[in-house]
Amino acid sequence: MAVRNTPDMSPWNDPTVPVAARVDALIGAMTLEEKTAQLYGVWVGASDQGGEVAPHQHEMEEPVDLDALLPTGLGQLTRPFGTVPVDPALGALSLARTQTRIAATNRFGIPALAHDECLAGFAAWGATAYPVPLSWGAAFDPDTVRRMAAAIGRDMRAVGVHQGLAPVLDVVRDARWGRVEETIGEDPYLVGTIATAYVRGLESAGIVATLKHFVGYSASRAGRNLAPASVGPRERADVLLPPFEMAVREGGARSVMNAYTDTDGMPSASDEELLTGLLRDTWGFDGTVVADYFAIAFLKTLHGVAGDWADAAGAALRAGVDVELPNVKTYGAPLAAAVADGRVPEALVDRAVRRVLTQKAALGLLDPDWSPVPAALDGADPDDPAALRGRIDLDGPENRALARTIAEKAVVLLSNDGTLPLERPRRIALVGPNADEPVAVLGCYSFPQHIGVRHPGTPLGIGLPTLRDTLAAEFPDAEITVVRGTGIDDGDLSGIPEAVRTAREADVAVVVLGDRAGLFGRGTSGEGCDAGTLALPGAQQHLLDALLDGETPVVTVLLAGRPYALGRAVEESAAVVQAFFPGQEGTHAIAGVLSGRTEPSGRLPVSVPRGPGAQPATYLGARLAHAGEVSNIDPTPAFAFGHGLSYTRFEWTDLTVDVREAPTDGEFALAFTVRNTGGRPGTEVVQLYLHDPVASVVQPVQRLVAYARVGLEPGEARRMRVTVPADLASFTGRDGRRVVEPGALELRLAASSADPRLTAEVTLTGAERHVDHTRRLHATVVQEPVARA
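The text that follows walks through the structure, step by step, so that each part is easy to find. (Residues numbered from 1 in each chain as written. Predicted model: local features only at pLDDT ≥ 70, side-chain atom pairs only at ≥ 80, totals over all residues. Heavy atoms only, no water.)

1. Some details on the overall build of the chain
We apply this condition: Helical segments are the DSSP runs of H or I of at least four residues, strand segments are the runs of E of at least two, and each set is numbered from the N terminus. With the radius of gyration taken over C-alpha atoms, the globule rule is written as 2.2 Å times the number of residues to the power 0.38. Residue exposure (1.4 Å probe, protein chains only): buried if accessible area is under 20% of the type maximum, exposed if over 50%, otherwise partly exposed. It only takes one pair of heavy atoms within 4.5 Å for two residues to be counted as in contact. Working definition of accessibility: Shrake-Rupley area with a 1.4 Å probe, residue cover restricted to the visible protein chains. Counted as positive: Lys and Arg. Counted as negative: Asp and Glu. His and the chain ends are not counted at all. Charge placement uses NZ in Lys and CZ in Arg. For Asp and Glu, CG and CD serve respectively.
Across its full length, the chain carries 22 helices and 28 strands. Relative to its length of 789 residues, the chain is compact, with a C-alpha radius of gyration of 27 Å against a globular reference of 28 Å. With the C-alpha coordinates aligned to their principal axes, the bounding extent of the chain is approximately 80 × 65 × 50 Å. Looking at the 789 residues of the chain, the share that counts as buried comes to 63%. Here the contacts in the chain between residues at least 6 apart in sequence split such that 79% fall between residues at least 24 apart. Accessible surface for the chain amounts to roughly 27,400 Å². Of this, 50% is attributable to carbon and sulfur atoms. Computed over 70 positive and 99 negative side-chain charges, the inter-centroid distance for the chain is 2 Å.

What follows is the structure, given as structure tokens:
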């Protein structure tokens, strides 16, 4: 596995030549088959013995013949670490040996680009399992998410991976959708800022971040996976697209993945207006568009807009999909044949391969000193694989500390009658299907739940303390009795009487409910695990109600991938604590909140419904989407977007509006004071919502335009100075262009979307103004210390 040695350097290997000229020279020397070979991947699994990767046998694809494919080259290696359990060092050796073979087999010496999943951490055996994206949203903390993504990227890059398939920028429109756990929340500004921070972190480590799923996947009808999306052009432009626009413009993402769904009959994978017209021509994106797995073939098999594989390839290539993943199906022989018979212009192939090779050049894969050996194997003996086992640690102390920090910031205290924090209880009844379940903290794209479940007997690879474990450590003098009560979704009622008896004899009952992450119906949350209603799965509500019937205070804890209606618990539970799959350090975070060691500071990134059937209903609705006398259904949530309690109190005072009137190209300025008036330190999450009472097209009642975490000691105060550009009032007007209209606005400074504390009435003056993707996207929030009284 030596460094590439090129005695007679070709222009494409010469780093002194401009990248565009290198790529053009290489394309000019390639045959059609060599060009198309750069446009597809092969799904592989690394060898746990350090040998070359093995093609993965997927139920949707035929096995590939690497010996036949590799002489023309290979664009990508699909999930070498995220397919089978493999020791990280041996996986890195396996990938390096495979890259050596790939480069040696094709006549230009071009290695493959290796990609893997990294939705909630590097999806590799033994890698840190961080909280899922819905917890990132609950933390309202872009900087910590950026640091997490950088740590994930460093681990991936160190073992030879180039591209990460994250983050997900879908905005939640219906919480029944199984992939809600993969999203950041129901507000486009929150999604955009958190996702952009993740992109920046991943890209800072040299990993190509991949924005997904572009666009409309989360708006599928009835929350069903891959269902058609009923989305109008304004909802698409003002709700679904802004996070992608922000991540492209500010995050520096180098890849985008199309959505599976079709919108008004147009599949994303064949939507030229979307993938080329908007993404590239308007926004200026110059990276690669990769297909979501099997999406090009789906143009034939699921969407019915292509008659054969060649038609599917031509439609996707014309739209702007550069790379077929995970395997070769349409961009291989069918595409080459379609070019040969004139159905697909070769110029489209050249356009896509130019983007692919430009990215490979930027990654150093064409350079003369390229080496297949990743940084983590520097100095290792590749001929002694046994000695390498255990050499690479993907779950080090710094990773775990960061995972715990995010988990702690993401725990949301929904309600509390004063029972929390617990004051040294003598007897705790710990009840529920997630009370003593190690994987209850993991989402469906974590390695143990995504891959490990198919390999029974294989160790988890990471420590997963249960809530039973962490509560025992948190309350060492307490007697903790654990009763399952019922399963996640088995409907079993037989254990409920024992749970009730145990709670009756305790000082407090902690009932731990929620989800089991899985794939395609093998869980209650995750890809293909959609919900018919937002009632708790199985018999969990029966268990909860039976405990509430007793005299013992009940603390309800949710370990879940989506919000659920909680019935009587909203009013009758002593406290409700919400955690969205908080990762391997999550039970430490929850135990800390229960004991008071950690101050709760999470805020809801999605509304918690009052009833199981009043959906879809996000806070981001127009007036007709809210409660009214014209319908007997009240969609008002039990707990609103942005809601979360603390163990202290905050006072918001002294609002001043320094600039109350501004032209449509100007900005407003205001200030106010936030003070911790309680006896404990705490963090308030200041949220700024914009309300436009009169507009030329229907607007949501309010929408988030800024937020800030404000950490305060008892008695401490901060003066918050906020500058709000008029561009934040823009929306898609009647003619389809984004417009800033003159008129009155309200800027609501709030603790949640349902809890405004201060309101500034302001006015935009002057002429109507059209803006585009270069508009200002953020308010400026500055925190200044205030002298103690």
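2. Notes on the pattern of salt bridges
Here is the rule we go by: One side-chain nitrogen of Lys or Arg within 4 Å of one carboxyl oxygen of Asp or Glu is enough to make a salt bridge.
Inspection of the entire model under this criterion finds 47 salt bridges. Of the charged contacts, one joins Lys212 and Glu117 as a salt bridge, the two residues approaching to 3.2 Å between their closest N and O atoms. Of this pair, Lys212 sits in strand S6 (residues 208-214) while Glu117 is found in strand S4 (residues 113-117), placing the two residues 95 residues apart along the sequence. Across the salt bridge formed by Glu474 and Arg597, the nearest N and O atoms sit 2.7 Å from each other. With Glu474 in helix H18 (residues 467-474) and Arg597 in the loop between helix H22 (586-595) and strand S17 (650-659), the pair connects residues that are 123 residues apart, well separated along the chain.

3. A few points about the nonpolar core
Note the cut-off: Residues belong to a common nonpolar core when they are buried Ala, Val, Leu, Ile, Met, Phe, Trp, Tyr or Cys residues joined through side-chain atoms within 4.5 Å.
Core analysis: the biggest nonpolar cluster contains 186 residues, and Phe122, Tyr198, Phe214 and Tyr331 have the highest contact counts within it. A per-element tally of this core places helix H7 (residues 188-204) first, with eight residues. Setting aside anything within four residues of it in sequence, one finds Tyr331 in contact with Thr36, Leu39, Tyr40, Ile296, Ala313, Ala316, Leu317, Val321, Asp322, Val323 and Glu324. If you look at the next biggest cluster of nonpolar residues, it comprises 35 residues, including Leu420, Leu442, Leu471 and Val593.

4. As for the sheet that holds strand S3 (residues 76-78)
Put simply, the rule is: Any two strands between which DSSP finds at least two bridges are classified as paired.
The strand order across the open sheet formed by eight strands is S2-S1-S3-S4-S5-S6-S7-S10, and the pairing between neighbours is mixed. For this open sheet the edge positions go to strand S2 (54-55) and strand S10 (288-290), each flanked by a neighbour on one side alone. Two strands pair when backbone bridges link them, and strand S7 (residues 255-258) and S10 are joined in this way by three bridges, in the parallel orientation. The residue of S10 that forms the bridge with Met257 is Val290.

5. Details of the packing of aromatic side chains
Heads up, the rule is: Stacked, tilted and edge-to-face pairs are distinguished by plane angle, under 30 degrees for stacked and over 60 for edge-to-face with tilted covering the rest, among Phe, Tyr and Trp rings (Trp via its six-membered ring) whose centres lie within 6.5 Å. Counted as over-ring charges are cases with an Arg CZ or a Lys NZ within 6 Å of the ring centre that also lie within 35 degrees of the ring normal.
Considering all chains together, one arrives at 17 aromatic pairs under this definition. Members of the aromatic cluster, joined through ring pairs, are Trp43, Trp177, Tyr217, Tyr260, Tyr293, Phe294 and Phe298. Over the aromatic face of Tyr445 sits the side chain of Lys212, whose NZ or CZ is 5.6 Å from the ring centroid. Its guanidinium or amino end placed over the ring of Trp309, Lys300 lies 4.7 Å from that ring's centre, counting from NZ or CZ.

6. Brief notes about helix H6 (residues 142-158)
What counts, and what does not: To estimate how far a helix should extend, the number of its residues minus one is multiplied by 1.5 Å.
A rise of 1.5 Å per residue sets the reference length of H6, with its 17 residues, at 24 Å; its end C-alpha atoms lie 24 Å apart and thus fit the reference within 8%. Residues of H6 that are buried include every one of Thr144, Val145, Met148, Ala149, Ala150, Ala151, Ile152, Gly153, Asp155 and Met156, and no others. Looking at the buried residues of H6, the elements they touch are S4, helix H5 (133-139), strand S5 (163-165), H7 and helix H16 (397-410). Immediately downstream of H6, the backbone of Gly160 shows phi near 105°, a positive value.

7. Overview of the layout of surface pockets
Selection criterion: Residues are called lining when one of their atoms sits within 4 Å of a cavity or pocket point, these points coming from a 1 Å grid over the protein atoms alone, where a cavity is a set in which a 1.4 Å probe fits but cannot get out and a pocket is an open set with protein on both sides within 12 Å along at least five of seven lines. Grid points are joined across faces, edges and corners, and a volume is the space filled by probe spheres set on the points. Gly is placed with the polar residues, together with every amino acid not listed as nonpolar (Ala, Val, Leu, Ile, Met, Phe, Trp, Tyr, Cys and Pro) or charged (Asp, Glu, Lys and Arg).
Volume-wise, the second largest pocket comes out at about 770 Å³. As for the second largest pocket, its lining consists of 26 residues, of which Pro233, Ala237, Leu241, Glu273 and Leu278 are closest to the centre. If you list the elements that add at least two residues to the lining of the second largest pocket, you get helix H8 (233-240) and helix H10 (272-282). Classifying every residue of the lining of the second largest pocket by side-chain character gives nine nonpolar, six polar and eleven charged.

8. Things to note about the sheet that holds strand S28 (residues 780-786)
We apply this condition: Axes here refer to lines fitted to C-alpha atoms; in helices the fit is confined to the stretch in contact. Angles between the N-to-C directions go from 0 to 180 degrees.
Across the sheet, four strands lie side by side as S17-S19-S22-S28; this open sheet has antiparallel pairing. Of all strands in the sheet, those bounded by a partner on one side alone are S17 and S28. On average, adjacent strands in this sheet sit at an angle of 20° to one another, irrespective of strand direction. Two strands pair when backbone bridges link them, and strand S22 (residues 717-725) and S28 are joined in this way by seven bridges, in the antiparallel orientation. Considered in S28, the bridge of Arg719 is made with Glu784.

9. Things to note about H18
Structural remark: α-helix, 3.6 residues per turn; residues separated by three or four positions point the same way. The cut-off we apply is this: The arc under discussion is defined with respect to the helix axis, by the directions toward the C-beta atoms.
Among the residues of H18, those classed as buried are Leu467, Thr470 and Leu471. Seen end-on, H18 carries its buried residues on one side only, within an arc spanning 100°. Those residues of H18 that are buried lie in contact with strand S12 (427-431), strand S13 (479-483), strand S14 (508-514) and H22.

10. Here's the deal with the packing of helix H12 (residues 309-319) against helix H13 (residues 333-340)
Condition: Comment on the angle field: the value is read as roughly parallel under 35 degrees, roughly antiparallel over 145, roughly perpendicular from 65 to 115, and oblique elsewhere.
Orientation of H12 relative to H13, taken along the N-to-C sense of each, is 80°, at an axis distance of 8 Å. In terms of orientation, H12 and H13 fall into the roughly perpendicular class. Residues Trp309, Ala310, Ala313 and Leu317 of H12 form the contact with H13, whose own contacting residues are Pro334, Leu335 and Ala338. Residue classes in the contact of H12 with H13 are distributed as seven nonpolar, no polar and no charged.

11. Considerations on empty space enclosed by the protein
The final tally for this structure, using the stated rule, is five cavities of 30 Å³ or more. The calculated volume of the largest cavity comes to roughly 70 Å³. Around the largest cavity, the lining is made up of 16 residues, and of these Phe122, Ala124, Ala127, Phe447 and Pro448 lie nearest the centre. The class makeup of the residues in the lining of the largest cavity is twelve nonpolar, four polar and no charged.

12. A look at unusual backbone geometry
A cis geometry characterises the amide bond from Lys212 onward to His213, with omega recorded as 5°. For His213, the position within the fold is in strand S6. Backbone torsion omega between Leu420 and Pro421 reads -5°, so that peptide bond is classified as cis. If you trace the backbone, Pro421 turns up in the loop between strand S11 (412-416) and S12. Not every positive phi belongs to a glycine, and Leu226 is a case in point at roughly 65°. Structurally, Leu226 is set in the loop between S6 and H8. What makes Leu226 partly exposed here is its relative accessible area of 29%.

13. Focus: the packing of helix H19 (residues 496-504) against helix H20 (residues 540-548)
This is how the line gets drawn: Left-handed describes a crossing whose near helix is turned anticlockwise from the far helix through less than a right angle; right-handed describes the clockwise counterpart.
Running from amino to carboxyl end, H19 crosses H20 at an angle of 35°, the nearest separation of the two axes being 9 Å. The handedness of the crossing between H19 and H20 comes out as right-handed. Along the contact surface, H19 presents Ile496, Ala499, Val500 and Ala503, while H20 presents His542, Leu543, Ala546 and Leu547. When its residues are assigned to classes, the contact of H19 with H20 shows seven nonpolar, one polar and no charged.

14. Focus on the side chain of Gln702
Test applied: Counted as a polar contact is a pair of N or O atoms within 3.5 Å, where, for protein atoms, one must be capable of donating a hydrogen and the other of accepting one, and residues adjacent in sequence contribute only when both atoms are in side chains.
Examined against the element boundaries, Gln702 turns out to sit in the loop between strand S20 (682-691) and strand S21 (703-712). With relative accessibility at 10%, the residue Gln702 sits in the buried group. A distance of 2.5 Å separates a polar side-chain atom of Gln702 from the backbone oxygen of Ser753. Apart from the residues lying within four places of it in its own chain, the contact partners of Gln702 are Tyr619, Leu620, Tyr689, Leu690, Arg748 and Ser753.

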